[in-house]
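Chain by chain, the residues:
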Amino acid sequence: MSSPDIKATVRERYGKAASEVVRGAKTSCCGSSCGCGSDDPITSNLYDEAETATLPAEAVLASLGCGNPTALAELHEGEVVLDLGSGGGIDVLLSAKRVGPTGKAYGLDMTDEMLTLARENQRKAGAENVEFLKGEIESIPLPSDSVDVIISNCVINLSADKAQVLREAFRVLKPGGRLAISDVVVRGQVPDEVRRSLELWVGCVAGALSEQEYHQLLWQAGFDHIGLEPTRIYEIEDARAFLESSGLNADTLAREVGGRVMGAFVRARKPTAEELE
Ligand SMILES: C[S@@+](CC[C@H](N)C(=O)[O-])C[C@H]1O[C@@H](n2cnc3c(N)ncnc32)[C@H](O)[C@@H]1O
C-alpha cells in the first residue's frame, strides 16, 4: 500500500471506531479480527481501575492502545506533554492530571471523528490544560524545542514513514526531552508471510518495527538513552482463528514464532543543550 492509501485506511478504520464509541456500540478493536472488550488480548486491562475511574466512560471505551505509556513515563508538574495519535484522548487526560494546571497536555490526531470524541471527553472531564490538535504525526504542528515529553500508544506502527515520525518527535522535543512510547514490536527473525499475518491480526496497517529497527531509527533521528522493554507478549493461541483463516498452521507457528510479536515500551531522550553543542 502507498503512504496515502495507508493513511486513508487508518482514517477510515479509526473514524469508524470513534463513531461506534459515540453510538455506544464499540465492536471493532485495534486488530482486524480479534474480539473486543474485556478479553481483547491487545487492548484489554492496560489501565488500573483507579486510574480510569476519574475519566469519562467514552475515553476509556475508546482506548485502542497496546500499553500504558503514562504509567511508565516520568511526568512532572508544569511539563508539556504531546501524545502522538491521541485517539479518544485517554492518555492525554491522564497526562493532564500528572502535569497539573501549570502544565499542558496536547493530543495530535488526523481523524476528525476521533478529535470530536476526544474534545467531548475533555469537556466531560473538565480538563482545561488540554488541547487536541488536528494533524499528522509525520509533520507535527508544533514549534521546535517546545515539548518536554512525547508519549504515544500503538500508533507509530500505523505510519508508513516511521523515520520521519521520529525525526519530527526529536525536532519538537526540548533539549533533554523524553520519548515514552507503547507500540507493537517484532523480536528476532519471523518469516515475512507469518510476520504480515501476525501484524494484520494485531492491527499494524503499515507493519511493526523489529527491536533493532526501532533502536536504529531512534539513533538516526538523534536520540540517546534508548531502551525497549516488552510489556505484553501476544500468544499464537490468541491469533489462532485469524492465522488459520489465512491458511497458516497455528500449531507449527506456535513452535516456530511464538512470543515474537509483543507490546513494548520504548524510551529515549533528546540530548541536552550542552550535549547538542
Ligand atoms: C490504535 S489508535 C490509538 C489511539 C490512542 N493512542 C489510544 O491509546 O487509544 C490509533 C490512532 O492514531 C491515529 N493515527 C494513526 N496514524 C496517524 C498519523 N499518521 N497521524 C496522526 N494520527 C494518526 C488514528 O486516527 C487513531 O486515532
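Residues numbered from 1 in each chain as written. Predicted model: local features only at pLDDT ≥ 70, side-chain atom pairs only at ≥ 80, totals over all residues. Heavy atoms only, no water.

Draft legend 1. Inspection of the confidence of the model for the protein at higher detail. When pLDDT is averaged across the protein, the result is 90; 94% of the residues are at 70 or more. Note that residues 27-37 has pLDDT below 50 and, in this model, 35 contacts with residues that lie over four places away or in other chains. (pLDDT = per-residue confidence, 0-100. Contact = heavy atoms within 4.5 Å.)

Draft legend 2. The site of the ligand, seen in detail. The local shell around the ligand holds 23 residues, among which Leu-64, Gly-85, Asp-109, Thr-111 and Ile-137 are the closest. The separation between a nitrogen atom of the ligand and a polar side-chain atom of Glu-138 is 3.1 Å. In this structure, a nitrogen atom belonging to the ligand sits 3.2 Å away from a main-chain N or O atom of Asn-153. For the ligand, whose free accessible area comes to 600 Å², the fraction covered by protein is 99%. (Near = heavy atom within 4 Å. Polar contact = N/O pair within 3.5 Å; in protein donor to acceptor, adjacent residues only side chain to side chain. Areas by Shrake-Rupley, 256 points an atom, 1.4 Å probe, with all protein chains shown as cover.)

Draft legend 3. Up close: the state of the cysteines. A full pass over the atoms with the stated rule returns one disulfide. Between the sulfur of Cys-66 and that of Cys-154 lies a disulfide, 2.5 Å long from S to S. Between Cys-66 and Cys-154, the S-S torsion sits near 115 degrees, and that sign places the bridge as right-handed. Taken together, the residues span a long stretch of sequence, with Cys-66 in the loop between helix H3 (57-61) and helix H4 (69-72) and Cys-154 in the loop between strand S4 (147-153) and helix H7 (162-172) at a distance of 88 residues. We classify Cys-66 as buried; its relative accessible area is 1%. Judged by relative accessible area, Cys-154 falls into the buried class, the value being 8%. (Disulfide = S-S within 2.5 Å. Helix = DSSP H or I, 4+ residues; strand = E, 2+ residues; numbered from the N terminus. Buried < 20%, exposed > 50% of the residue type's maximum accessible area, 1.4 Å probe, protein only.)

Draft legend 4. Quick peek at empty space enclosed by the protein. Per the counting criterion, the structure on display carries three cavities of 30 Å³ or more. In this structure, the largest cavity spans a volume of roughly 410 Å³. If you trace the largest cavity, you find 33 residues lining it, with Gly-85, Gly-87, Asp-109, Val-155 and Leu-158 closest to the centre. Its residues assigned to classes, the lining of the largest cavity comprises 16 nonpolar, 11 polar and six charged. (1 Å grid on protein atoms, 1.4 Å probe; cavity = no way out; pocket = protein on both sides within 12 Å on 5 of 7 lines; lining within 4 Å. Points joined across faces, edges and corners; volume = space filled by probe spheres on them. Nonpolar A, V, L, I, M, F, W, Y, C, P; charged D, E, K, R; others polar.)

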